[in-house]
Structure formats: structure tokens, C-alpha cells
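Chain by chain, the residues:
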Amino acid sequence: DVAKVIQGTLQAERQYFDTSKSMIRLWTHECMRVFADRFLKDSADDIGKFIEAMSQVMRDHFEGAEWAEVMEDIDDERYGPIFCSFMSETTEILPYEEVADYSQLKQCCEDKLEDYNLEPKLINMNLVLFKDAIRHICRIHRVEGDASTAQRRHYMAKIYSRRRLSLPRSWCRRYPNDA
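Residues numbered from 1 in each chain as written. Predicted model: local features only at pLDDT ≥ 70, side-chain atom pairs only at ≥ 80, totals over all residues. Heavy atoms only, no water.

Draft legend 1. Layout of the overall build of the protein chain. Scanning the protein chain from N- to C-terminus turns up eight helices and two strands. Counting from the amino terminus, helix and strand elements in the protein chain follow one another as α-α-α-α-β-β-α-α-α-α. Taking the intrachain contacts of the protein chain between residues at least 6 apart in sequence as the baseline, contacts between residues at least 24 apart amount to 56%. Element-wise, carbon and sulfur atoms account for 51% of the exposed surface of the protein chain, whose accessible area totals about 10,900 Å². (Helix = DSSP H or I, 4+ residues; strand = E, 2+ residues; numbered from the N terminus. Contact = heavy atoms within 4.5 Å. Areas by Shrake-Rupley, 256 points an atom, 1.4 Å probe, with all protein chains shown as cover.)

What follows is the structure, given as C-alpha cells:
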């Protein structure tokens, strides 16, 4: 699992991650997605304990950085920053970058959903893209964007087995033979 964190941080390009704070935020995001997304939201407060552990690692190894300081302009500290690679469509290679404006991310997702609904021979999906759904889209895109075909099949099989069909169907249509 540590390799997945490293693999995620290796997606960084110098032009988007040019400060130590931006790299720490990327590292934090990758750790949250790889480890904390598996935790249950219950009375044990696993996410809170994980954040405390991350804070200690940050103080020890990243020039005394504090969790609250690094997450100062994040709307939900317990979720962490949002990164994705589908925001800018002006470049050939889609950069993995932090989403600075949530409303822009929501608009981008709504536009992509509208494009999907305009495709002939596809079932229209009238989805309400609330914050958790958009975060889930970013997680799906993160996994399928850097995964091998076998890993995509495994992840999509998990989602299909849980009957969460709408978001994977609309966001993973790029790989029609794999899902």
C-alpha cells in the first residue's frame, strides 16, 4: 500500500507542485485515499487517529508542518484536499492537480455528465452530483486512471457487486471492454 502512495505522488508535475506545502498536500491526499478511505465512520474515530498519526509524521519529517496549517483552506480537514486529472482539457496530457475551486469541479462533473447523456445509445442518467458523489467520482478516476487493466476490472467488479452502478457506468465508459 505504501507503493500506491508513492505511485500517486509520482504523478506530480513540477509546474503544479512547486512548493513544499503543495507536495505535502499531495502526499497527504494520497495517504488519505490509500489508507483512510478504508476506515469506517463510527465511534472509534479511526480517521481522527489517522490524522493524528499523519500530523506526527509531518512534524517529524516535513520541517515541523502541522496538519491544521497544511489544511488551512480545505473545506473538510477530515477528508483532505481533492486532486484529479480531468479538470483541464486544454492540454494533451491531463495534469494531476489539486482542485482549488470546488464549484469549478462540480461544474466540470456536471458538464461531463451532460456530455454522457448526449451520447446516442447510452442510457441517460439524471444524477444529483452532491459533494460525496463528486468525491467518489474523483476516487474512481484516480483508481482507473493509474491502474492496469486487471486492477480496473477488480475495482469495477467490487463496485458492481455493491450495486453502485450509476457513477462507474458514466465515468468509466472510456474502457468499455474492461468494466
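Once you've had a look at it, read on.
Draft legend 2. Local environment of helix H3 (residues 46–61). For H3, built from 16 residues, the straight-helix expectation of 22 Å at 1.5 Å per residue is met to within 8% by its first-to-last C-alpha distance of 22 Å. Those residues of H3 that sit buried are Ile 47, Gly 48, Phe 50, Ile 51, Met 54, Ser 55 and Met 58. Burial along H3 is one-sided: seen end-on, the buried residues are contained in an arc of 155 degrees. Facing away from the buried surface of H3 by more than 90 degrees, the exposed residues are Lys 49, Glu 52 and His 61. Positive phi appears at Glu 63, one or two residues downstream of H3, with a value of about 55 degrees. (Expected span 1.5 Å × (residues − 1). Buried < 20%, exposed > 50% of the residue type's maximum accessible area, 1.4 Å probe, protein only. Arc of directions from axis to C-beta.)

Draft legend 3. Representation of the state of the cysteines in the model. Going through the model one piece at a time under the given rule, you end up with zero disulfides. Lacking any disulfide linkage, Cys 84 is separated from the closest cysteine sulfur, that of Cys 138, by 4.7 Å. Of the residues examined, Cys 84 reaches a relative accessible area of 1% and is grouped as buried. (Disulfide = S-S within 2.5 Å.)

Draft legend 4. Representation of the packing of aromatic side chains in the model. This model, assessed by the stated rule, comprises five aromatic pairs. Judged by centre distance (5.7 Å) and plane angle (20 degrees), the ring pair of Phe 17 and Phe 83 falls under stacked. Here Phe 83 lies in strand S1 (residues 83–84) and Phe 17 lies in the loop between helix H1 (2–9) and helix H2 (20–34), a separation of 66 residues in the sequence. Owing to a relative accessible area of 8%, Phe 17 belongs among the buried residues under this scheme. Judged by relative accessible area, which is 1%, Phe 83 ranks as buried. Within the aromatic cluster, the residues linked to one another by ring pairs are Phe 17, Phe 83 and Tyr 96. Here the guanidinium or amino end of Arg 33 rests over the ring plane of Tyr 79, the centre of that ring lying 4.0 Å away. Geometry around Tyr 79 places Arg 135 over its ring, the cationic atom sitting 4.1 Å from the centre. (Phe/Tyr/Trp six-rings, centres within 6.5 Å; stacked < 30°, edge-to-face > 60°. Lys NZ or Arg CZ within 6 Å of the ring centre and 35° of its normal.)

Draft legend 5. Here's a closer look at the pattern of salt bridges. In the structure shown here, the tally under the stated rule is 13 salt bridges. One salt bridge in this structure joins Glu 72 and Lys 21, with 2.6 Å as the shortest N-O distance. Here Lys 21 lies in helix H2 and Glu 72 lies in the loop between helix H4 (67–70) and S1, a separation of 51 residues in the sequence. Overall, the relative accessible area of 31% leaves Lys 21 in the partly exposed class. Asp 75 is the partner of Lys 131 in a salt bridge, and the nearest nitrogen-oxygen pair spans 2.4 Å. Pair noted here: Lys 131 is in helix H6 (residues 131–146) and Asp 75 is in the loop between H4 and S1, with a separation of 56 residues, a long-range link. The class of Asp 75 is exposed, set by a relative accessible area of 54%. Within the structure, one salt-bridge network assembled from shared partners comprises Asp 1, Lys 4 and Arg 38. (Salt bridge = Lys/Arg side-chain N within 4 Å of Asp/Glu carboxyl O.)

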